[in-house]
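One-letter residues, chain by chain:
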Amino acid sequence: MKTLRLLLPMLAAVLVAAGCGDGTEDAASTTTAAAGNATSTTAVADAPVPKELRFTAQTIDGAEFSGASLAGKKAVLWFWAPWCPTCQREAPGVAAAAAAHPDVEFVGVAARDELPAMRAFADEHGLTFTQIADLDGTVWQRFGVTAQPAFAFVSKFSDIDMVPGSLSEDEIATQIKALG
């Protein structure tokens, strides 16, 4: 699958160069991003915004967060619930992974509980990265998350790999490495 993901932008570039592209903005953006930033770890300025990232939500601190801000960046979204024992065990490893990968944007997506419980969980586990309060579950639905924990790994080209279930700090690092 990773090989396919690497080959698709090259195929798109060939098709566009040959005049066979469909002319959509996403295809052009993906081609430009792949051609211009293949070895860069910085954000891809013209990366497409996939449908999963087209949302705005409130953080547990009341700030507005735009999912589109993650397009063109390496990012990890962690879907959790405050009462979930697996999430409680996993939280220190997620916090450590976030600290160990400052070039990757981590975002927690809390749901299935009330705001005070979400804040208490984040405080108790030292989650200093952005935490979304997905009180109505719309962000979870966008990503097809039906159970916690789950992860979404976003590449700088805005490819999204969903991983249901729990991951250790080492497994998170392996998934991040696969982002390129």
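Residues numbered from 1 in each chain as written. Predicted model: local features only at pLDDT ≥ 70, side-chain atom pairs only at ≥ 80, totals over all residues. Heavy atoms only, no water.

Chemist: Mind laying out the sheet that holds strand E4 (residues 105-110), listing which residues take part and the relevant values?
Modeler: Pairing is mixed across the open sheet formed by five strands, whose spatial order is E5-E4-E3-E6-E7. Only two strands of the sheet have a single neighbouring strand rather than two, namely strand E5 (130-133) and strand E7 (160-164). Within this sheet the neighbouring strands show an average axis-to-axis angle of 20 degrees, counted without direction. Both strand E3 (residues 75-80) and E4 contribute to a ladder of six bridges, which runs parallel. The residue of E4 that forms the bridge with Phe79 is Val109. In this fold helix H3 (residues 85-100) packs onto E3, E4 and strand E6 (150-154), with an angle of close to 165 degrees to the strand it touches most, E3. (Pairing = 2+ DSSP bridges. Helix = DSSP H or I, 4+ residues; strand = E, 2+ residues; numbered from the N terminus. Axes fitted to C-alpha atoms, helices over the stretch in contact; angles between N-to-C directions. Contact = heavy atoms within 4.5 Å.)

Chemist: Pulling in residues and values, what's your account of helix H4 (residues 115-124)?
Modeler: If you check which residues of H4 are buried, you get Met118, Phe121 and Ala122. On an axial view of H4, the arc spanned by its buried residues comes to 95 degrees, and they lie on one face. Counted as exposed and oriented over 90 degrees from the buried face of H4: Pro116, Asp123 and Glu124. Looking at the buried residues of H4, the elements they touch are E3, H3, E4 and E5. Looking one or two residues past H4, Gly126 carries a phi angle of roughly 65 degrees, positive in sign. (Buried < 20%, exposed > 50% of the residue type's maximum accessible area, 1.4 Å probe, protein only. Arc of directions from axis to C-beta.)

Chemist: For the pairing of E3, give the residues involved together with the corresponding values.
Modeler: In terms of burial, E3 is a largely internal element, six of the six residues being buried. The alternating pattern of E3 places Ala75, Leu77 and Phe79 and Val76, Trp78 and Trp80 on opposite faces, both of which are buried. With respect to chirality, the unit in which E3 leads through H3 into the neighbouring parallel E4 is right-handed. Note that E3 and E6 share five bridges and pair antiparallel. Looking at the pairing, Trp78 lines up with Phe151 of E6. (Right-handed = clockwise from strand over helix to strand, strands pointing away.)

Chemist: Describe in detail the pattern of salt bridges, supporting the description with residues and values.
Modeler: Counted by the stated rule, this structure contains two salt bridges. Lys51 is the partner of Glu52 in a salt bridge, and the nearest nitrogen-oxygen pair spans 3.5 Å. Assessed through its relative accessible area of 18%, Glu52 is described here as buried. You can call Lys51 exposed: its relative accessible area is 56%. Glu105 is paired through a salt bridge with Lys73; the nearest N and O atoms lie 3.3 Å apart. Here Glu105, found in strand E4, pairs with Lys73, found in the loop between strand E2 (64-66) and E3; they are 32 residues apart in sequence, far enough to count as distant. With a relative accessible area of 24%, Glu105 lands in the partly exposed category. (Salt bridge = Lys/Arg side-chain N within 4 Å of Asp/Glu carboxyl O.)

Chemist: So what's going on with unusual backbone geometry? Residues and values would help.
Modeler: Glycine aside, negative phi is the norm for most residues, and most peptide bonds take the trans geometry. The peptide bond linking Gln148 to Pro149 adopts the cis configuration, its omega dihedral lying at -10 degrees. Here Pro149 is to be found in the loop between helix H5 (138-143) and E6. Of note in this structure, Ser158 is not a glycine but carries a positive phi near 70 degrees. Here Ser158 lies in the loop between E6 and E7. A relative accessible area of 7% places Ser158 in the buried class.

Chemist: Please set out the side chain of Ser155 residue by residue, giving values where relevant.
Modeler: Within the secondary structure, Ser155 is located in the loop between E6 and E7. Excluding its chain neighbours within four sequence positions, the residues that come into contact with Ser155 are Lys73, Lys74 and Leu179.

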